[in-house]
Every structure is written in structure tokens, then in C-alpha cells.
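Results of the structural survey
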Amino acid sequence: VGLTATSSCCEMIGINCSCFSVEGHYFTSRTISERKVWLRAISNVKVKLHHEAPNPTLEELGHYRNAIREYLETINDTLEGAGASDPL
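Notes on the structure in this doc start here. (Residues numbered from 1 in each chain as written. Predicted model: local features only at pLDDT ≥ 70, side-chain atom pairs only at ≥ 80, totals over all residues. Heavy atoms only, no water.)

1. A word on the side chain of Ser21
Which entries qualify depends on this criterion: The numbering of helices and of strands both runs from the N terminus, where a helix is a DSSP run of H or I of at least 4 residues and a strand a run of E of at least 2. Each residue's exposure class comes from its accessible area (1.4 Å probe, protein chains only) as a fraction of the maximum for that residue type: buried when under 20%, exposed when over 50%, partly exposed otherwise. By definition, residues are in contact when any of their heavy atoms lie within 4.5 Å.
Position of Ser21 relative to the elements: it lies in strand S2 (residues 19–22). Residue classification places Ser21 among the buried positions, given a relative accessible area of 7%. Each residue touching Ser21, except ones within four places of it in the same chain, is listed here: Ser8, Cys9, Cys10, Met12 and Tyr26.

Below you can see the structure in the form of C-alpha cells.
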């Protein structure tokens, strides 16, 4: 999926819905918390593109990845309780 500063990105509405779309492509995550991580990351990229920011350094990438890893650790309980992920 190509991403630009003006790409459409939205979450789907529904009870406990973990779906979202980017440029007309639909995705799902295991939990609502995980969906928030994806949408935040996409939003951050769009902001960087909008401001024509330079490519991140390896050090900056490390900081981004560590921040995501730390957040995922805080929501780990919700991921473990996500229920079955087998097809219907």
C-alpha cells in the first residue's frame, strides 16, 4: 500500500472491532490496542511525509522500535486474552 501525506486512514466502527483501512485496503489486528499501534504508526509516517522530514537515522529507528516494543509490553495482557484467531 502506497502511503502519502494525504492518504486516507480510518478505523472501522463496531463493538470490539479491531479493523481499519488505509487507502481502501482493509486490515484487522488481534486487538483494539494493537489497532491503535498500527494507526498511530501510520499517522506518524503521514506527518513525516507532510513535513518532508528526512529519512530517520538508525538511532532514531532504534528509538521508534523500542517505544513500540515498550507499549506492546504494556498491552500484552490484552493480546494474550484476545481469544481464538482461527478462521471461522
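Now that the structure is up, let's keep going.
2. Details of unusual backbone geometry
If you check the backbone angles, Asn16 has positive phi at about 55 degrees while not being a glycine. Along the chain, the position of Asn16 falls in the loop between strand S1 (9–11) and S2. The phi dihedral of Glu23 falls on the positive side, at around 50 degrees, and the residue is not glycine. Structurally, Glu23 can be placed in the loop between S2 and strand S3 (25–28). Since its relative accessible area comes to 37%, Glu23 is described here as partly exposed.

3. With respect to the pattern of salt bridges
Keep this limit in mind: By definition here, a salt bridge exists when the distance from a side-chain nitrogen of Lys or Arg to a carboxyl oxygen of Asp or Glu is within 4 Å.
Under the criterion given, the structure shown has two salt bridges. The partner of Glu11 in a salt bridge is Arg35, and the shortest N-O contact between them spans 3.2 Å. Here Arg35 lies in helix H1 (residues 32–50) and Glu11 lies in strand S1, a separation of 24 residues in the sequence. By relative accessible area, which is 39% here, Glu11 ends up partly exposed. A salt bridge links Arg30 to Glu34, with the shortest nitrogen-to-oxygen separation between them at 2.6 Å.

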